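Coordinates in review
Here are the chains, one letter per residue:
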Amino acid sequence: MSLDVSPQLLAEAENGAVREEDFVETVRTSLPYAYDLVAHLAAELRAGTTEFADNQTPPPSERERGQLLRALSSDAIRGSLERHFGVALAFQNCHRVAVFPPQARGGDTHTRFTSTRAQILNQSPEFRDC
């Protein structure tokens, strides 16, 4: 299971719409490594002059790698993180996450980062089992 859902949030979901703030808080507490990484990259993007900010450091353990993979493979989690931090997320290998300004999605730099060519160039044998 990827999220530790509180009984309150479960009841909220059973009764209708879930407040995004409540969902994001559940993501933050359930997947702290993934949440903190996206938060750090979003802050780096806002503070810098680069077109995007990305992580190229592998997670410290398989536990953290699992959090990252779960967060980015779920449309709901990924979309909530994008809206919460005001970024567009892009993901390549087991840990290379990038954040772009939302308006950059589909632009030259974003398209290059998410291209099949970039995916191939960012592979290595140590990523085979991640």
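Here is a short report on the structure shown in this document. (Residues numbered from 1 in each chain as written. Predicted model: local features only at pLDDT ≥ 70, side-chain atom pairs only at ≥ 80, totals over all residues. Heavy atoms only, no water.)

Things to note about the nonpolar core
For clarity, the cut-off: For our purposes a nonpolar core is just a set of buried Ala, Val, Leu, Ile, Met, Phe, Trp, Tyr and Cys residues, chained together by side-chain atoms within 4.5 Å. Relative accessibility decides the category of a residue: with a 1.4 Å probe and only protein chains considered, values under 20% of the type maximum give buried, values over 50% give exposed, and everything between is partly exposed. In this description a helix means any DSSP run of H or I spanning at least four residues, a strand means any run of E spanning at least two, and both kinds are numbered starting from the N terminus. Residue contacts are counted whenever heavy atoms from the two residues lie within 4.5 Å of one another.
Ile77, Leu81 and Leu89 are the most contacted members of the largest nonpolar core, which has 24 residues in total. Of all the secondary-structure elements, those providing two or more residues to this core are helix H2 (20–30), helix H3 (32–47), helix H4 (62–73), helix H5 (75–85) and strand S3 (97–100). The greatest single-element share of this core, amounting to eight residues, is contributed by H3. Dropping the residues within four chain positions of it, leucine 89 is found in contact with Val38, Leu72, Arg78, Leu81, Glu82, Val97, Ala98, Val99 and Arg105. Among the nonpolar cores identified, the runner-up in size contains five residues, and Ala88, Ala90, Ala98 and Phe100 belong to it.

Comments concerning the packing of H4 against H5
Going by this rule: Where helices are involved, their axes are fitted lines through C-alpha atoms of the stretch in contact, as for all axes, and angles between N-to-C directions lie from 0 to 180°. Orientation categories follow fixed angle ranges, with anything under 35 degrees roughly parallel, anything over 145 roughly antiparallel, 65 to 115 roughly perpendicular, and all other angles oblique. Note on residue categories: nonpolar means Ala, Val, Leu, Ile, Met, Phe, Trp, Tyr, Cys or Pro, charged means Asp, Glu, Lys or Arg, and polar means any other residue, Gly included.
Close contact between H4 and H5 brings their axes to 5 Å; oriented N to C, the two are set at 90°. Between H4 and H5, the crossing angle belongs to the class labelled roughly perpendicular. Together, Arg70, Ala71, Leu72 and Ser73 of H4 and Asp75, Ile77, Arg78 and Leu81 of H5 make up the contact between the two elements. Grouping the constituent residues of the contact of H4 with H5 by class yields four nonpolar, one polar and three charged.

Notes on the sheet that holds S3
Basically, it comes down to this: Strands pair, by our definition, only if DSSP identifies at least two bridges between them.
The strand order across the open sheet formed by three strands is S1-S3-S2, and the pairing between neighbours is antiparallel. Here the strands that pair on one side only, and so sit at the sheet edges, are strand S1 (53–54) and strand S2 (88–91). Lying on the sheet, H4 is in contact with S2 and S3; it crosses S2 at an angle near 125°.

What about the pairing of S2?
Looking along a regular strand, one sees side chains alternate from face to face of the sheet. The pairing of S2 with S3 spans four bridges and is antiparallel. Note that in S3 the partner of alanine 90 across the bridge is alanine 98. In sequence, S2 turns back onto S3 through a hairpin of five residues.

Description of the side chain of arginine 65
Quick note on the threshold: Pairs of N or O atoms are called polar contacts if they sit within 3.5 Å, as long as, within protein, a hydrogen donor faces a hydrogen acceptor (for residues adjacent in sequence, only side-chain-to-side-chain pairs).
Tracing the backbone shows arginine 65 in helix H4. Within the structure, arginine 65 has its side chain in polar contact with the side chain of glutamate 62 (distance 3.2 Å).

Overview of the pattern of salt bridges
Our working rule: The term salt bridge refers to a pairing of a side-chain nitrogen on Lys or Arg with a carboxyl oxygen on Asp or Glu at a separation within 4 Å.
Per the stated rule, a full pass over the model turns up seven salt bridges. Of the charged contacts in the structure, one is a salt bridge between arginine 19 and glutamate 21, with a shortest N-O distance of 3.9 Å. Given the relative accessible area of 48%, arginine 19 is considered partly exposed. Taking relative accessible area as the criterion, glutamate 21 reaches 51% and is therefore assigned exposed. In this structure, glutamate 25 and arginine 28 form a salt bridge, with 2.5 Å as the shortest nitrogen-oxygen distance. With glutamate 25 and arginine 28 both in helix H2 and three residues apart, the pair spans about one turn of that helix.

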